[in-house]
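# Structural description and commentary
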Amino acid sequence: MINLTDAARQKIKQKILDRGRGLGILIGLKTNGCSGLSYVFEYLDHQQPNQECVYDNDIRVYVDIKHKNIFFGMTIDHVRKGLNEGFEFLNPNEGDRCGCGLSFTVKP
């Protein structure tokens, strides 16, 4: 359902080790920006009833059940561009992105 690149997998593993706890990551959506939706990425310590776990090798990825279809086929990468680094979401279900790249729409 969701794929992690090697770079993303290593960064997540390291962050969980640094935190000293964590079940995995939670990927979600929130209403934001000029296009409507943006991704939420957080480290998860306790699974909630509305969350489903998808395993990608040895990293647990959790999603809100109501947004599950939007994430189908998505790849998460960790990239470094100059002095900046962060997670990048490559989602085939995105329609358009806003000019600043922070929000998107979902394909109909």
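Position labels on residues start from 1 in each chain and follow its written sequence. Residue-level local features of this predicted model are given only where pLDDT is at least 70; pairs of side-chain atoms are given and counted only at 80 or more, and the full residue set underlies all totals for whole chains, interfaces and linings. The side-chain figures draw on all heavy atoms in the structure; neither hydrogens nor water molecules are used.

## Brief notes about the nonpolar core
Note on terminology: a nonpolar core comprises buried Ala, Val, Leu, Ile, Met, Phe, Trp, Tyr and Cys residues joined through side-chain atoms within 4.5 Å. To sort residues, take the accessible area from a 1.4 Å probe on protein chains only and compare it with the maximum for the residue type: under 20% means buried, over 50% means exposed, and anything in between is partly exposed. With 19 residues, the main nonpolar core has I27, F71, M74 and I76 as its most contacted residues. Numbering of helices and strands runs from the N terminus; a helix is a DSSP stretch of H or I covering at least four residues, while a strand is a stretch of E covering at least two. When residues of this core are traced back to their parent elements, those giving at least two are β1 (2-4), α1 (6-19), β2 (24-32), β3 (36-44), β5 (59-64) and β6 (74-81). Pairs of residues are marked as contacts when any of their non-hydrogen atoms sit within 4.5 Å. Sequence-distant contacts of F71, defined by excluding residues within four places in its chain, comprise M1, I2, I27, G28, L29, Y39, V63, N91 and N93.

## Quick look at the pattern of salt bridges
Only one rule defines a salt bridge in this text: a Lys or Arg side-chain nitrogen within 4 Å of an Asp or Glu carboxyl oxygen. Inspection of every chain in the model, using the stated rule, returns nine salt bridges. Notably, a salt bridge pairs E52 with K68, separated by 3.3 Å at the nearest N-O pair. Remark: K68 occurs in the loop between β5 and β6 and E52 occurs in strand β4 (residues 51-56); sequence separation between them is 16 residues. For E52, a relative accessible area of 26% gives the class partly exposed. Classification of K68 as partly exposed rests on a relative accessible area of 30%. The residue E85 makes a salt bridge to R80 at a minimum N-O spacing of 2.7 Å.

## Description of the packing of aromatic side chains
Pairing of aromatic side chains requires ring centres within 6.5 Å, counting the rings of Phe and Tyr and the six-membered ring of Trp. Pairs whose planes differ by under 30 degrees are stacked, by over 60 edge-to-face, and all others tilted. Enumeration over the complete set of coordinates arrives at six aromatic pairs. Aromatic pair F41 and F87: ring centres 4.3 Å apart, planes at 20°, arrangement stacked. With a gap of 46 residues between them, F41 in strand β3 and F87 in strand β7 (residues 84-90) connect regions that are remote in the sequence. Overall, F41 belongs to the partly exposed group, its relative accessible area being 23%.

Purely spatial values, then, with no claim about function.
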